[in-house]
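# Breakdown of the fold
One-letter residues, chain by chain:
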Amino acid sequence: MTTLTLVRGDITRQRADAIVNAANSSLLGGGGVDGAIHRRGGPAILQECRKLRASHYGRGLPTGQAVATTAGALEARWVIHTVGPVYRVATADPSLLASCYRACLRVADELGARTVAFPAISTGAYGWPMDDAARIAVQEVRATVTAVEEVRFVLFDDAAYTAFAERIG
Ligand code: ADP
């Protein structure tokens, strides 16, 4: 049984087995959550990302997939990097956003993580409307069979918190 919890806050401050990074496909860092994780987690994370690029993801981590690294100096054991889809009204594919959550939980299961903290993937630079992103996130986590005991959504502002709270009910 997986419990869904909500907190308003900064994902880099979470104590959890794994925290999820809303990365971009380069795995070399960026703004938003990605920048914050690398800043606070230190260079060990980027070092592992570079190795993963060299060994597996020379063309980038595909949208909707996930891969884990160390969490460096963060209070977590692992960072699970996933690449959300960019929102474009004509082509926005909800199944790719759902796939991020499912893929992260699969990686979490492989690692043996029991608590996983997620940001609202794709809702920043990638432009996905918050209400729709919350609906997809909650629906997909509830539909995924996993040994993860707590999925914690870490929302950065009131609007995001409210959107997720309404979906969790
Ligand atoms: P994406 O490129 O997938 O859209 P972003 O990192 O730009 O990812 O934004 C994803 C969401 O995370 C946005 O709602 C943004 O407000 C939020 N966010 C930004 N920084 C943090 C943080 N340190 N902790 C939690 N959420 C954050």
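Shown above is the structure to which this text applies.
Let me begin by describing the structure that accompanies this report. From a predicted model like this one, the values you see are computed outputs, not experimental measurements.

As a further point, take the site of the ligand. The ligand sits among 21 residues. The nearest are A22, G32, V33, G124 and Y126. Of the residues contributing to the shell around the ligand, the split by class is twelve nonpolar, seven polar and two charged.

Another aspect to go through is helix α1 (residues 32-41). Those residues of α1 lying buried are V33, D34, I37, H38 and G41. One side of α1 holds all its buried residues, which, seen down the axis, span an arc of 125 degrees. Those residues of α1 that are exposed and aimed more than 90 degrees away from the buried face are G35 and R39. Lining the buried residues of α1 we find β2 (16-23), α2 (43-55) and β4 (76-83). Phi turns positive, to about 85 degrees, at G42, one or two residues after α1.

Before going further, it helps to examine the packing of helix α4 (residues 130-143) against helix α5 (residues 158-168). Between α4 and α5, the least distance of the axes is 9 Å, while the angle of their chain directions is 45 degrees. Taken together, the axes of α4 and α5 lie oblique to each other. For the element pair α4 and α5, the recorded crossing hand is right-handed. For the pair α4 and α5, contact is made by M130, D131, A134, R135 and V138 and by A159, A160, A163, F164, R167 and I168, respectively. For the contact of α4 with α5, the per-class residue count stands at eight nonpolar, no polar and three charged.

A word on the pairing of β4. Of all eight residues in β4, seven are buried; the element is thus mostly enclosed. As defined by bridge partners, β2 adjoins β4 across seven bridges and the pair is classed as parallel. Directly across from V20, in β4, lies its bridge partner I80. Two strands pair when backbone bridges link them, and strand β3 (residues 66-70) and β4 are joined in this way by five bridges, in the antiparallel orientation. Bridging across to β4, A66 finds its partner in T82. Linking β3 back to β4 in an antiparallel pair, the connection comprises five residues, with G72 at a positive phi of about 55 degrees.

Checked against the element boundaries, G35 lands in helix α1. As for G35 and A22, which are separated by 13 residues in sequence, their C-alpha atoms are 9.7 Å apart. With near-sequence residues (within four places) excluded, G35 lies in contact with G29 and G30.

With that settled, consider the packing of helix α3 (residues 94-111) against α4. Contact geometry of α3 with α4 gives a least axis separation of 9 Å together with a crossing angle of 50 degrees. Relative to α4, the element α3 is oriented oblique. α3 and α4 meet at a crossing whose hand is right-handed. Contact residues: P94, L97, A98, Y101 and R102 in α3; A133, I136, A137, E140 and V141 in α4.

Strand order across the open sheet formed by six strands is β1-β6-β5-β2-β4-β3, with mixed pairing between neighbours. Edge positions in the sheet fall to β1 (3-8) and β3, since each has one partner strand and no second. Recorded for the sheet is a direction-independent mean angle of 25 degrees between the axes of neighbouring strands. Strands in contact with α2 are β3 and β4; relative to β3, the strand with the most contacts, it is inclined by about 135 degrees.

Here is what the cut-offs are and how they apply
- Residues numbered from 1 in each chain as written.
- Predicted model: local features only at pLDDT ≥ 70, side-chain atom pairs only at ≥ 80, totals over all residues.
- Near = placed C-beta within 6 Å.
- Nonpolar A, V, L, I, M, F, W, Y, C, P; charged D, E, K, R; others polar.
- Buried ≥ 20, exposed ≤ 12 C-beta atoms within 10 Å, placed from the backbone.
- Helix = DSSP H or I, 4+ residues; strand = E, 2+ residues; numbered from the N terminus.
- Arc of directions from axis to C-beta.
- Contact = placed C-beta atoms within 7 Å.
- Axes fitted to C-alpha atoms, helices over the stretch in contact; angles between N-to-C directions.
- Parallel < 35°, antiparallel > 145°, perpendicular 65-115°, else oblique.
- Left-handed = near helix turned anticlockwise from the far one by under 90°.
- Pairing = 2+ DSSP bridges.

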